[in-house]
Amino acid sequence: MATYKVTKGTPVAFRDGAYPTSYPSPHEGELFYNGSSGAFQFLGVGAGAWSSGGNINTARKGLSGFGTQTAAIAATGNAPSTVTSCEQYNGSTWTEVADVNTGKFYRGNCGLQTAGLLVGGAPAVTDTEEWNGASWTETANYPGTVTFPILLGVQTAAFCIAGTISDSYATETNIYNGSAFTESTAINTARGEGVGAGTTSAGVIAGGNTNSVSALTELWNGSSWTEVGDLNTARNLLAGSGSSSSAMIAFGGDAPARAITESWNGTSWTELGDLSTGRRELGGSSNGTNLAGLAFSGCIANGTVQTSTEEWDFAHPLKTIDVS
Amino acid sequence: MNYKYSVKENWGKTSSDQFIRHEDRMQFHIEGFPGNVWVTEDNVYGGRWISRHSAVVKTKSQAQTIVTDIVDALKDTWDNDNVDGETSAEKITRLGPKPTDITLP
């Protein structure tokens, strides 16, 4: 007698173990039989989501955050008194390292856990500090006082963009080469408190404050800035993860404390999964990727500073099919 | 969407587990608020998360009271933290904006 399997069945792939869930997978959407577990499984469509990371030791807002998801730095900030402490993250735990020389908040920041850069800050200052993985060293001052500029790039080739200069939002930009700042091309819309990704030759900036909370996005091609697709949700005091002008995520921000995550593909922003705790003035893995990011500290809507960290991963969900 | 309300301190991440796992975020809505209040989607996965953490279940009213009490205390602290001669703009720069009310979903 014919069985249901014989008359209706469809062959499925056999695999001795589950497919890796890392994104992107050529097996997305595939139903297969896992010989190791003796179960039918399904590799779902890749999606991003935030999960818990290790809690930071000193909660703070307006902090400087840079690095990658598994090697990040959280420096200085406000809690609400200004803090000078600095912590490093190894993918699960935050550990205190050497304090910054100048405790400020709303500093521009970029770089890696072994080579980072801070510029300006609030209250207004011209200070620049370099991090070498063990200590902070003051270097060439910014050409004027600047608060909350957007920094792209790395310690020895950093793009310092806009910010608040002389109490007004600015359009000016400067490139830092590791020892001095050189003026570069102005952006189209004056702003501070935004986010960005890329290098001195190809970058993207978005959001911020332009005297009102902004969704404006601008793309840098090495010689000029062009306005491109706006963020879906205007916001300032947000953070980002990404090292490329065509791939980054932007998350969190005002007002008063957003959980929204948006992904940039070089042309447009797409909304993805929210942070579990909406927050503003947070730190991010500025030089990470759009597939593996980190959000840490900051404050929630009522101003309470947060110790929590969240890790962004883009992966394929693996579902076990229950046929009982 | 219907929600459940619970209280549990966010312990972050250890070498073997996470307070909120990636798979959790794929299965149910979860949102954190002051006072370690967590709002989770009222489905089987949200229920399992509450059980996994032995979170203390609250009614919406109880959870809202926890959040509101914290916000009110922070408002008072903000109102009473003044520096002679400081403008309101300078105060906001120093402390951030005055804490705002939070209404749970």
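Details of the structure are given in the entry above.
Each value, and the rule that gives it
- Throughout, a residue's number is its position along its own chain's written sequence, starting from 1.
- Here every chain gets a letter starting at A, and every ligand a number starting at 1, in the order they are written.
- In keeping with the model being predicted, local features are shown solely for residues with a pLDDT of at least 70 and side-chain atom pairs are shown and tallied solely at 80 or more, while totals for entire chains, interfaces and linings include all residues.
- Computation of side-chain values covers all heavy atoms of the structure but excludes hydrogens and water.
- The criterion for strand pairing is that DSSP finds at least two bridges linking the strands in question.
- A run of DSSP states H or I qualifies as a helix once it reaches four residues; a run of E qualifies as a strand once it reaches two. Both are numbered from the N-terminal end.
- Geometry is summarised by axes, namely lines fitted to C-alpha atoms with helices restricted to the contacting stretch, and by angles between N-to-C directions that run from 0 to 180 degrees.
- Here, residues are in contact when the closest pair of their heavy atoms is within 4.5 Å.
- What counts as buried area is the accessible surface, traced by a 1.4 Å probe, that two parts surrender upon association, with contributions from both included.
- The term salt bridge refers to a pairing of a side-chain nitrogen on Lys or Arg with a carboxyl oxygen on Asp or Glu at a separation within 4 Å.
- Pairing of N or O atoms within 3.5 Å defines a polar contact, subject to two protein rules: one partner must be a possible hydrogen donor and the other a possible acceptor, and residues neighboring in sequence count only if both atoms are side-chain atoms.
- Partly exposed residues are those whose accessible area sits between 20% and 50% of the maximum for their type, while under 20% is buried and over 50% is exposed, using a 1.4 Å probe and protein chains only.
- Ring pairs shown here join Phe, Tyr and Trp side chains whose ring centres sit within 6.5 Å, with only the six-membered ring taken for Trp; geometry is labelled stacked below 30 degrees between planes, edge-to-face above 60, and tilted in between.

On to the sheet that holds strand E30 (residues 318–321) of chain A, then. Residue and element names in this part refer to chain A. Reading across the sheet, the 4 strands line up as E1-E2-E3-E30 and stay open at both edges, with mixed pairing between neighbours. The open sheet has two free edges, formed respectively by strand E1 (13–15) and E30, since each of these has just one partner strand. Each neighbouring strand pair of the sheet contributes to a mean axis angle of 35°, computed without reference to strand direction. Sheet topology note: the strand E3 (residues 39–43)/E30 ladder contains 4 bridges and is antiparallel. Counterpart to Leu-43 in the pairing with E30 is Leu-318.

For the rest of this paragraph, the subject is the interface of chain B and chain A. Across the contact, 27 residues belong to chain B and 32 residues belong to chain A. Taken as a group, Lys-13, His-22 and Arg-25 of chain B account for 29% of the area that chain B buries against chain A, more than any other trio of residues on that side. Counting across the interface, chain B meets chain A through 2 salt bridges. The interface formed by chain B and chain A contains 12 residue pairs in polar contact (both at pLDDT 80 or more). When contributions to the side of chain B that touches chain A are tallied by element, the ones reaching two or more residues are helix H1 (22–27), strand E2 (30–33), helix H3 (60–80) and helix H4 (88–95) of chain B.

Examined against the element boundaries, Asn-78 of chain A turns out to sit in the loop between strand E6 (71–75) and strand E7 (86–89). Setting aside residues no more than four positions away along its own chain, Asn-78 of chain A makes contact with Arg-60, Lys-61, Val-83, Phe-105 and Val-305 of chain A together with Arg-94 of chain B.

All names here are of chain A. A two-sided burial pattern is seen for strand E19 (residues 195–198), the buried positions comprising Val-195 and Ala-197 on one face and Gly-196 and Gly-198 on the other. Examined bridge by bridge, E19 and strand E20 (residues 203–206) share 4 bridges and lie antiparallel to one another. Across the sheet, residue Gly-196 finds its bridge partner in E20, namely Ile-205. Hairpin geometry of E19 and E20 is characterised by an intervening segment of 4 residues between the two adjacent antiparallel strands.

Right, let's talk about the pairing of strand E24 (residues 247–251) of chain A for a bit. Residue and element names in this part refer to chain A. Burial analysis of E24 places 4 of its 5 residues in the buried class, which makes it a mostly covered element. As defined by bridge partners, strand E23 (residues 239–244) adjoins E24 across 4 bridges and the pair is classed as antiparallel. The residue of E24 that forms the bridge with Ala-239 is Phe-251. What sits between the antiparallel neighbours E23 and E24 is a turn of 2 residues.

Turning next to the packing of aromatic side chains. As enumerated under the stated definition, the model contains 23 aromatic pairs over all chains in all. Look at Trp-50 of chain A and Trp-312 of chain A: their rings are 5.3 Å apart centre to centre, the planes differ by 55°, and that puts the pair in the tilted class. Of the two residues, Trp-50 of chain A sits in strand E4 (residues 47–53) while Trp-312 of chain A sits in strand E29 (residues 309–315), which places them 262 residues apart along the sequence. Note on Trp-50 of chain A: relative accessible area 0%, which makes it buried. Residues Phe-19 of chain B and Trp-38 of chain B carry aromatic rings whose centres are separated by 5.2 Å and whose planes lie at 55° to one another, so their mutual orientation is tilted.

The next point concerns unusual backbone geometry. Residue and element names in this part refer to chain A. Residues Tyr-23 and Pro-24 are joined by a peptide bond in cis, for which omega reads -5°. Relative to the elements of secondary structure, Pro-24 occurs in the loop between E1 and strand E2 (31–34). Of the consecutive residues Ala-122 and Pro-123, the connecting peptide bond is found in the cis state with omega at -10°. Inspection of the secondary structure puts Pro-123 in the loop between strand E10 (115–119) and strand E11 (128–131). Of note in the backbone geometry, Thr-76 takes a positive phi value of approximately 45° without being a glycine.

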